[in-house]
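Each chain is listed here by its residues.
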Amino acid sequence: MNLFDFPTFSTNKKIRLIELFAGMGTQAQALNRLGVDFEHHYVCEFDKYAIQVYNAIHDTDFETTDVTQIHAEDLNITEKDKYTYILTYSFPCQSLSLAGKQEGMKKGSGTRSGLLWEVERLLNECTELPDILLMENVPQVHSEQNKNDFDDWLSFLRSKGYHNFYKDLNAKNFGVPQNRDRCFCVSILSNDFVDYEFPNEIKLNYQMKDLLEPVVDEKYYINSPKATELIEKLIVEDKLSSGETVLLSNQGTKLEKKTDIATCLMARDYKGFGNQSMNGVIECVM
């Protein structure tokens, strides 16, 4: 069953969206693109620049807030006979990602990904719970290293009355030419049996070159060896996606088209600016 086919959405209730770790509001934008009628009810975002972008995109006026400092009353979950509440909590992935230090998300660890347990605190404080919880994170959220913590989280949600469904989905299977694998978790508050199915994959009709601007003002370029290396690799990727064969003169190696799907660029921010891995930018047959 599709999420928006559930009875909670088949009434005249309006959706109130609560976003924790909101960033620039991409999850709200997803609802916009689906044509869902909702209001930006509450946003929690610590980064002042992210909240500025959020307000610019969504025509809102939210201020920066710290998830460790807010409480259930800030979420203002009221009049549930009139409103359906969706809460998103896509917590930081830096401590889980293969590109990070992989410090984990154990409760009390103090890691960025450990902020997940602030959501537990908030839900425990709530007298009225959100109807739907949505989470997106890296697949390592349920890896062997983090499985016990993830299972504890799901167990907690079940104790609150939620039915949980999670699955790893790849962007390349849903219309985006990028090999971006992420775990999505949907939790539905219900006293009755719930059967939820994730959406079917769709055909990919775009290549990476379709998303790139043909001409970019020089002021947007970073003049550094790392940036130059990245740009050169992207140029090669664009040519390969067009079916061309590219000869790298400095190596004498001929590269042939392998894929139209760009792989992820990993930023190891904990090592400082400029430490971006080039390994995932391009896939080639040599």
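In the block above lies the structure referred to throughout.
The sections below set out a description of the structure shown in this document. What you are looking at is a predicted structure, and each value in this text was computed from that prediction instead of being measured.

## A few points about the sheet that holds strand β4 (residues 132-137)
Within a sheet, adjacent strands bond to each other through the backbone by hydrogen bonds, running parallel or antiparallel. As summarised here, the arrangement of the six strands in space is β2-β1-β3-β4-β7-β5, forming an open sheet in which the pairing is mixed. One side of each edge strand has no neighbouring strand; the edge strands of this open sheet are β2 (38-44) and β5 (162-170). Within this sheet the neighbouring strands show an average axis-to-axis angle of 20 degrees, counted without direction.

## Points about the packing of helix α1 (residues 26-34) against helix α2 (residues 48-58)
At their nearest, the axes of α1 and α2 sit 11 Å apart, and the two run at 15 degrees to each other. It follows from the interaxial angle that α1 and α2 lie roughly parallel. In this structure, α1 crosses over α2, and the sense of that crossing is left-handed. In this structure, α1 contributes Ala 28, Gln 29 and Asn 32 to the contact, and α2 contributes Tyr 54, Ile 57 and His 58. Residues belonging to the contact of α1 with α2 are distributed by class as follows: three nonpolar, three polar and no charged.

## Focus on the nonpolar core
By size, the foremost hydrophobic cluster in this structure holds 36 residues, and its most contacted members are Leu 20, Tyr 89, Phe 91, Leu 123 and Trp 153. If you list the elements that add at least two residues to this core, you get β1 (14-20), β2, α3 (72-75), β3 (83-89), α4 (116-125), β4, α5 (147-159) and β7 (181-189). Leu 20 has contacts with Cys 44, Ile 70, Leu 75, Leu 87, Thr 88, Tyr 89, Ser 90, Val 119 and Leu 122, leaving out every residue within four places of it along the chain. Core analysis: the next-biggest nonpolar cluster, separate from the first, contains 21 residues, Ala 28, Phe 38, Val 43 and Tyr 196 among them.

## Some details on a nonpolar patch on the surface
Residues Met 24, Val 53 and Ile 57 make up a contiguous nonpolar surface patch of roughly 240 Å² in combined accessible area. With respect to the helices and strands, Val 53 occurs in helix α2. Given a relative accessible area of 35%, Val 53 falls into the partly exposed group.

## As for the packing of aromatic side chains
What the rule picks out here adds up to eight aromatic pairs. Here the aromatic rings of Tyr 54 and Phe 62 are separated by 6.0 Å at their centres, their planes lie at 80 degrees, and the arrangement is edge-to-face. What makes Phe 62 buried here is its relative accessible area of 18%. One aromatic cluster in this structure is built from Tyr 89, Trp 117, Trp 153 and Phe 156. If you follow Arg 16 out to its NZ or CZ, it ends over the ring of Tyr 83, 3.5 Å from the centre.

## Details of unusual backbone geometry
A positive phi angle, near 55 degrees, is found at Phe 21, a position not held by glycine. Of note, Phe 21 is situated in the loop between β1 and α1. Its identity is not glycine, yet Glu 79 carries a phi of approximately 50 degrees, on the positive side. Here Glu 79 shows up in the loop between α3 and β3.

Definitions and limits used
Residues numbered from 1 in each chain as written. Predicted model: local features only at pLDDT ≥ 70, side-chain atom pairs only at ≥ 80, totals over all residues. Heavy atoms only, no water. Pairing = 2+ DSSP bridges. Helix = DSSP H or I, 4+ residues; strand = E, 2+ residues; numbered from the N terminus. Axes fitted to C-alpha atoms, helices over the stretch in contact; angles between N-to-C directions. Parallel < 35°, antiparallel > 145°, perpendicular 65-115°, else oblique. Left-handed = near helix turned anticlockwise from the far one by under 90°. Contact = heavy atoms within 4.5 Å. Nonpolar A, V, L, I, M, F, W, Y, C, P; charged D, E, K, R; others polar. Core = buried A, V, L, I, M, F, W, Y, C linked by side-chain atoms within 4.5 Å. Buried < 20%, exposed > 50% of the residue type's maximum accessible area, 1.4 Å probe, protein only. Patch = residues over 30% accessible without salt bridge, like charges linked within 9 Å, V, L, I, M, F, W, Y side chains within 5 Å. Areas by Shrake-Rupley, 256 points an atom, 1.4 Å probe, with all protein chains shown as cover. Salt bridge = Lys/Arg side-chain N within 4 Å of Asp/Glu carboxyl O. Phe/Tyr/Trp six-rings, centres within 6.5 Å; stacked < 30°, edge-to-face > 60°. Lys NZ or Arg CZ within 6 Å of the ring centre and 35° of its normal.

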